[in-house]
Amino acid sequence: TGIENTWVKQLDALLARQKRAVMANLKGKRARQAYDRAVGDDQPDAEVVFDNEYWHAETAAVAGGIYSSIMAMATGNAVRDLGTLPVNFDPTNEIVTQFIDKRANLLAGAITDTTFRAIQDQLIEGVTLGESIPELAARLEPLIGLDPVQANALNSLREKRTLSNAQLSEQIIATIFAEIF
């Protein structure tokens, strides 16, 4: 559906911005100073090139927008299929926004924490091996973006479309009811 395509496009755009920022940060003055310090103690700080807090917030914003779209679609489908709903699923309803925020932050944490740890590990290994900043950049570049497993999962989701809109609506609403009540 359009939602999956939108999700993939927005996630790809976010990760492309993330990659450009990390590469630019790695070549910046702060990174060179951190590299010089790290060469002595083999403990580079990934935060110099990857601001985990910033990217968590950016990822949560993208995910929140997508989850809001899914919620609107699911609610529309449920109203169409069921006629009425026992709870107000208006996107401004506090319970709905809390649900969306919780889900968006869980996803954002998983994405950004994994990326941060991978960058940290690769920086430590690269500095330990005596790699230069351009070599570290080459080492880090493939870490940012969807890995083949994640890309496959998204493509599979787009191709299979195993759930009808009604089934998707029922699953989302059931999940919200379970968390609320």
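Residues numbered from 1 in each chain as written. Predicted model: local features only at pLDDT ≥ 70, side-chain atom pairs only at ≥ 80, totals over all residues. Heavy atoms only, no water.

Under the criterion given, the structure shown has three salt bridges. Among the ionic pairs, Glu58 bridges to Arg17, the shortest N-O distance being 2.6 Å. Of the two residues, Glu58 sits in helix H3 (residues 52–82) while Arg17 sits in helix H1 (residues 2–26), which places them 41 residues apart along the sequence. Exposure remark for Glu58: the relative accessible area of 23% places this residue in the partly exposed category. One network of salt bridges, in which partners are shared, links Glu125, Glu131 and Arg139. (Salt bridge = Lys/Arg side-chain N within 4 Å of Asp/Glu carboxyl O. Helix = DSSP H or I, 4+ residues; strand = E, 2+ residues; numbered from the N terminus. Buried < 20%, exposed > 50% of the residue type's maximum accessible area, 1.4 Å probe, protein only.)

To continue, consider the packing of aromatic side chains. If you walk through the whole model with that rule in mind, you get two aromatic pairs. Centroid distance Phe50 to Phe116: 6.3 Å. Interplanar angle 45°. Geometry classified as tilted. Of the two residues, Phe50 is situated in the loop between helix H2 (29–41) and H3 and Phe116 in helix H4 (residues 94–128); the sequence distance between them amounts to 66 residues. Each member of the pair, Phe50 as well as Phe116, is classed as buried. Judged by centre distance (4.9 Å) and plane angle (80°), the ring pair of Tyr54 and Trp55 falls under edge-to-face. On the basis of relative accessibility, which here comes to 39%, the residue Tyr54 falls in the partly exposed class. (Phe/Tyr/Trp six-rings, centres within 6.5 Å; stacked < 30°, edge-to-face > 60°.)

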